[in-house]
Amino acid sequence: MSKDNQILEELTSKEYEHGWSVNYEADEAPTGLNEDIIRWISAKKEEPEWLLEWRLKAFRTWQSMTEPQWANVHYPKIDLQSLKYYSAPKQSKKPKNLNEVDPELIAIYERLGISLNEQKRLQGIAIDAVLDSVSVATTFKDTLGKLGIVFCSFSEAVKEHPELIKKYLGSVVPMTDNYYAALNSAVFSDGSFCYIPKGVRCPMELSTYFRINAANTGQFERTLIVAEDESYVSYLEGCTAPQRDENQLHAAVVEIYAGAHAQVKYSTVQNWFPGDKEGKGGIYNFVTKRGICAGDHSKISWTQVETGSAVTWKYPSCILKGDYSVGEFYSVAVTNNYQQADTGTKMIHIGKNTKSRIVSKGISAGKSQNSYRGQVQVMKRADNARNFSQCDSLLMGDRCGAHTFPYIDINNPTAKVEHEATTSKIGEDQIFYCNQRGIATEDAVALIVNGYAKEVLNQLPMEFAVEAQKLLALTLEGSVG
Amino acid sequence: MLSIKNLHASIEGNEILRGINLEVKAGEVHAIMGPNGSGKSTLASVLAGREEYEVTEGEVIFQGKDLLELAPEDRAREGVFLAFQYPVEIPGVSSTNFLRTALNQVREYRGQEPLDAVKFLSLMKEKMALVEIDQKLLSRSLNEGFSGGEKKRNEIFQMAMLEPVLSILDETDSGLDIDALRIVSNGVNKLKSDKTATIVVTHYQRLLDYIVPDYVHVLYKGRIVKSGTKELALELEEKGYDWIKEEVDSAATV
């Protein structure tokens, strides 16, 4: 056991890889949060009147709301008046295409290993690059446009496709859904919008890469994905942030609409700065993600690999409204040092013969706390609803915690709901066995953890899966003996 | 190749090995026998570098290097292989993936290029035949749901892949039926050469019908109390361990 502790002490020898920041001239909103700021943001983005009204309505509702306290996370109260709600790199004029985007901004993404050069991309992944409060570039717009697919920044969508935004914005996550969603609705700055027309199978992965650069700025982005009947899209989201001593707030909203026979696959690799090994700094990641399977036989699948953030509060959910619709949630959440994660899902069965599947793999190391919180709700008319939930926890060392909070609410006697949960520790026997075959301890941990998380990692698109595997290994470097 | 001098080791304060002396040369097969609790498996574990055991005295030189100074993975990379009595399960990690990671780390240590997927698979095919192991088994999670025989066969397959200099078989015969025993032994025999050595730790003589030892040592109360040739194993089979215990215990009381 002495070795166990010794190696635990050496924990997190590896620094956060994306902790750098750059200086660029920014266009920032004044510090603070009030109606004037919201008007300022809306004006900055040249928004139509209805959207400003929408924001203000959200803001007024938000003012009467209180921060949720039920999550198993602890952090000092965030002073929302001390934040800036808009920060954008200054660009002399709005770029019309990729060639006009400031090379310095392109370089930021190059440094993150994300090429915005369409020719250089390995294979079909279209990217929307969001830096602080704005989208700086979107690739492959023309290629996708030919199929009628819209993939652009949210701001652009407001201008170019107001009818779609008007119809779907807030339709899955109402502006008053919860404290953070309401805040987001009031101050959101940018994000991605994608629209897949009826019967179209999106030929490439669509991806948004979120980067927070500015200090003292909250990032509030909004993503809206609309998949019309019989369409298909796979969407990826990646996130990183500089290493800063103070905590930064990230409160996003993601809404997904799936029509009849439509399929949406949403994958996230979340690698926000988790704070240093003393627990200083890091991102507060308070995110509302929800999809509605509106049409019959539709399917929404969430896959998330959560390695970053100081505090995570996130429950990607599915409303299974259409008959025979399917919701899936695959999650690996890793916490190390002083990270806290309270994450899970909600599966709300409304339609008949709806099915949901939840596979959650928590990995806790250091002094971190990792909670799974999930709700399975079967409504009265949801005949033959099926749910299978599997929640596994893997512990490393003896100073971390793993918690499972499953809520099951069944209102239909034909429902079949299964819940399995396991907790295990990485065994010294397993590590010794690997060592004896010539595998170093760090690599042994990576191997064992990746094996443990395999069922979830398998759900990720190829390129992301490789990144996620490396990330898992990196996050847990040195965390076990 | 391997020289063990006055090796003492304990676990949680209990001394298990109390002065082991053993010389193993290239090309030799040594059998370590003895009653239960005599320290046979402890010796195997200490040589492989298991952390729970504390070496309190003595030295182990392996090919000119102080083995006890090396981390377990470096011992493996130097060519020490332990076939486990109870192979460990690693869910979600296929044998193939596991072995490729292991082999390439060993190769890197030895200054060799890592094997690409094609070369690795052809090497695997070659070694699979040697131990009559099914490819299907290797695409499954390592040891998970394997039968006793499959686990042991997989150990010998890993041994074939990693080409160790010194192989230590810890009770490899336990839990094997006669057919599996034959297959496993054949594998071990095919892997023997004049440059490698094998230490066979076993309770029963049965395995030694298949893997014929050059020397047989009897371990009792943490010491090698008797050494001989394969005839000693036959004698033990016939007479049991009691006569040796009596010899040792009465000598100790004098």
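Predicted model, so just to flag it, every value in this text is computed and none were measured.

Student: Can you walk me through the UniProt feature "domain: SUF system FeS cluster assembly SufBD N-terminal" (unreviewed entry) in chain A in this structure?
Tutor: With numbering aligned to this structure, UniProt lists the feature "domain: SUF system FeS cluster assembly SufBD N-terminal" (unreviewed entry) at residues 147-202 of chain A. For residues 147-202 of chain A, the end-to-end C-alpha separation is 8 Å, with 41% helix and 16% strand making up the annotated structure.

Student: Looking at this model, I keep getting lost on the environment of A:Glu221. Mind explaining?
Tutor: All names here are of chain A. For Glu 221, the position within the fold is in the loop between strand S7 (205-211) and strand S8 (222-227). Note: C-alpha distance between Glu 221 and Arg 381 (160 residues apart in sequence) is 35 Å. Not counting residues within four places of it along the chain, the set of residues in contact with Glu 221 comprises Asn 184, Asp 190, Gly 191, Phe 210, His 250, Ala 251, Ala 252 and Val 253.

Student: Help me understand the pairing of strand S17 (residues 326-335) of chain A in this model?
Tutor: It is a general feature of regular strands that their side chains alternate between the two faces of the sheet. All names here are of chain A. With 10 of 10 residues buried, S17 lies mostly within the body of the structure. By the alternation rule, side chains of S17 split into Val 326, Glu 328, Tyr 330, Val 332 and Val 334 and Gly 327, Phe 329, Ser 331, Ala 333 and Thr 335, which are all buried. Judged from the 8 bridges that link them, strand S14 (residues 299-306) and S17 form a sheet pairing that is parallel. In the sheet register, Thr 303 faces S17, and the bridge partner there is Tyr 330.

Student: Teacher, can you tell me more about the packing of aromatic side chains here?
Tutor: Remark: the centre distance and the inter-plane angle together describe each pair of aromatic rings, the angle taken between the planes. All names here are of chain A. Enumeration according to the criterion identifies 22 aromatic pairs over all chains in this entry. For the ring pair Trp 54 and Phe 188, a centre distance of 6.5 Å and an interplane angle of 80° mean the geometry is edge-to-face. Of this pair, Trp 54 sits in helix H3 (residues 49-63) while Phe 188 sits in the loop between helix H8 (179-187) and strand S6 (192-196), and the two are 134 residues apart along the sequence. Note on accessibility: Trp 54 and Phe 188 belong to one class, buried. Summarising the aromatic geometry, the rings of Trp 70 and Trp 313 are spaced 5.7 Å apart at their centres and angled 40° between planes, so their arrangement reads as tilted. Taken as a pair, Trp 70 in the loop between H3 and strand S2 (87-89) and Trp 313 in strand S15 (residues 311-314) lie far apart in primary sequence, 243 residues in all. Among the residues examined, Trp 313 registers a relative accessible area of 5% and is labelled buried. Members of the aromatic cluster, each reached through a chain of ring pairs, are Phe 59, Trp 62, Trp 70, Tyr 75, Tyr 179, Tyr 180, Tyr 284, Phe 286, Trp 313 and Tyr 315.

Student: Looking at this model, I keep getting lost on the sheet that holds strand S9 (residues 166-170) of chain B. Mind explaining?
Tutor: Pairing between the strands of a sheet is mediated by backbone hydrogen bonds and can be parallel or antiparallel. Residues and elements named next belong to chain B. Strand order across the open sheet formed by 6 strands is S6-S9-S10-S3-S11-S12, with mixed pairing between neighbours. Unpaired on one side and paired on the other, strand S6 (80-83) and strand S12 (223-228) mark the two borders of the sheet. Between one strand and the next, the sheet's axes are offset by a mean angle of 20°, whatever the strand orientation. Taken together, the 4 bridges between strand S3 (residues 29-33) and strand S11 (residues 215-220) define a ladder with parallel strand orientation. Paired with His 30 across the strands is Tyr 215, a residue of S11.

Student: Is there a simple way to think about the packing of helix H9 (residues 428-436) of chain A against helix H10 (residues 441-452) of chain A in this case?
Tutor: Any two packed helices are characterised by how steeply their axes cross, that is the angle between the axes, and by the distance between the axes. Residues and elements named next belong to chain A. Look at H9 against H10: their axes get within 9 Å of each other, and the N-to-C directions meet at 120°. On the basis of their axis angle, the class for H9 and H10 is oblique. The two elements H9 and H10 meet at a crossing, and its hand is right-handed. For the pair H9 and H10, the contacting residues are Gln 430, Ile 431, Cys 434 and Asn 435 in the first and Thr 441, Ala 444, Val 445, Leu 447 and Ile 448 in the second.

Student: Just checking my understanding: could you explain the state of the cysteines for this structure?
Tutor: Should the sulfur atoms of two cysteines be covalently bonded, the bond is a disulfide. Residues and elements named next belong to chain A. Tallied over the entire structure, the rule returns 0 disulfides over all chains. Free cysteine: Cys 293, not disulfide-bonded; nearest cysteine sulfur from Cys 318 at 5.7 Å. Here Cys 293 falls in the buried class, since its relative accessible area comes to 0%.

Student: I would appreciate a short explanation of unusual backbone geometry in the present structure.
Tutor: One can expect most non-glycine residues to show negative phi and most peptide bonds to be in trans. Residue and element names in this part refer to chain A. A positive phi angle, close to 50°, is found at Asn 337, a residue other than glycine. For Asn 337, the position within the fold is in the loop between S17 and strand S18 (340-349). The buried category is assigned to Asn 337, whose relative accessible area is 13%. Of note, Asn 384 is a non-glycine position whose phi angle comes to about 55°, a positive value. Residue placement: Asn 384 occurs in the loop between strand S20 (369-378) and strand S21 (386-395). On the basis of relative accessibility, which here comes to 32%, the residue Asn 384 falls in the partly exposed class.

Student: Can you walk me through the interface of chain A and chain B in this structure?
Tutor: Reports of interface size often rely on the accessible area that becomes lost once the parts have come together. Contacts between chain A and chain B engage 20 residues on the former and 32 residues on the latter. Taken together, the two surfaces of chain A and chain B that pack against each other cover about 2100 Å², and 62% of this comes from carbon and sulfur. Sorting the residues of chain A by area buried against chain B places A:Phe432, A:Tyr433 and A:Arg437 first, and these three jointly supply 36% of that buried surface. For the pair chain A and chain B, the interface holds 2 salt bridges. For B:Arg50, the salt bridge is made with A:Asp429, and the minimal N-O distance between the two is 3.1 Å. The tally of links between chain A and chain B comes to 14 residue pairs in polar contact (both at pLDDT 80 or more). Of all the secondary structure elements, the ones that give two or more residues to the side of chain A that touches chain B are H9 and H10 of chain A. A breakdown of the residues in the side of chain A that touches chain B according to their chemical character gives 8 nonpolar, 6 polar and 6 charged.

Student: Sorry if this is basic, but what is going on with H3(A) here?
Tutor: Helical geometry note: an α-helix holds 3.6 residues per turn, so side chains three or four residues apart project in the same direction. All names here are of chain A. Compared with an ideal rise of 1.5 Å per residue, which puts 15 residues at 21 Å, H3 spans 21 Å between its outermost C-alpha atoms and is within 8% of the ideal. Within the span of H3, buried status applies to Leu 51, Leu 52, Trp 54, Arg 55, Leu 56, Ala 58, Phe 59 and Trp 62. Next to the buried residues of H3 lie helix H2 (35-44), helix H6 (154-160), H8 and S8.

Student: When you look at the pairing of strand S11 (residues 253-258) of chain A in this model, what are you seeing that I'm missing?
Tutor: Residues and elements named next belong to chain A. Most of S11 is tucked away, with 5 of its 6 residues classed as buried. Looking at chain direction, S8 and S11 are connected through 6 bridges and run parallel. In the sheet register, Arg 222 faces S11, and the bridge partner there is Val 253. In this structure, S11 lies alongside strand S13 (residues 282-293), joined through 6 bridges in parallel fashion. When the sheet's bridge partners are listed, Tyr 257 is paired in S13 with Ile 292.

Student: Is there a simple way to think about helix H1 (residues 40-48) of chain B in this case?
Tutor: Residue and element names in this part refer to chain B. In terms of residue burial, H1 counts as a mostly covered element, since 8 of its 9 residues are buried. Among the residues making up H1, those that are buried are Lys 40, Thr 42, Leu 43, Ala 44, Ser 45, Val 46, Leu 47 and Ala 48. Just downstream of H1 lies Gly 49, where phi reads positive at about 95°.

Student: Even after reading the chapter, I still don't get the confidence of the model for chain A, so can you show me in this structure?
Tutor: Low pLDDT marks stretches whose predicted atomic positions should not be read closely. Mean pLDDT for chain A: 84, with 84% of residues reaching 70 or above. Below a pLDDT of 50 lies the segment residues 1-13 of chain A, which in the model reaches 29 contacts outside its immediate sequence neighbourhood of four places, other chains included.

Student: Just to check I follow, could you spell out the UniProt feature "domain: ABC transporter" (unreviewed entry) in chain B for this structure?
Tutor: UniProt's feature table lists "domain: ABC transporter" (unreviewed entry) at residues 2-246 of chain B, given in the numbering used throughout. Annotated as residues 2-246 of chain B, this span is 39% helix and 29% strand, and its ends, taken at the C-alpha atoms, are 30 Å apart.

Rules behind the numbers
- Residues numbered from 1 in each chain as written.
- Chains lettered and ligands numbered in written order.
- Predicted model: local features only at pLDDT ≥ 70, side-chain atom pairs only at ≥ 80, totals over all residues.
- Heavy atoms only, no water.
- UniProt positions renumbered as here; feature names shortened; annotations may be inferred.
- Helix = DSSP H or I, 4+ residues; strand = E, 2+ residues; numbered from the N terminus.
- Contact = heavy atoms within 4.5 Å.
- Buried < 20%, exposed > 50% of the residue type's maximum accessible area, 1.4 Å probe, protein only.
- Pairing = 2+ DSSP bridges.
- Phe/Tyr/Trp six-rings, centres within 6.5 Å; stacked < 30°, edge-to-face > 60°.
- Axes fitted to C-alpha atoms, helices over the stretch in contact; angles between N-to-C directions.
- Parallel < 35°, antiparallel > 145°, perpendicular 65-115°, else oblique.
- Left-handed = near helix turned anticlockwise from the far one by under 90°.
- Disulfide = S-S within 2.5 Å.
- Buried area = accessible area lost by both parts, 1.4 Å probe.
- Salt bridge = Lys/Arg side-chain N within 4 Å of Asp/Glu carboxyl O.
- Polar contact = N/O pair within 3.5 Å; in protein donor to acceptor, adjacent residues only side chain to side chain.
- Nonpolar A, V, L, I, M, F, W, Y, C, P; charged D, E, K, R; others polar.
- Expected span 1.5 Å × (residues − 1).
- pLDDT = per-residue confidence, 0-100.

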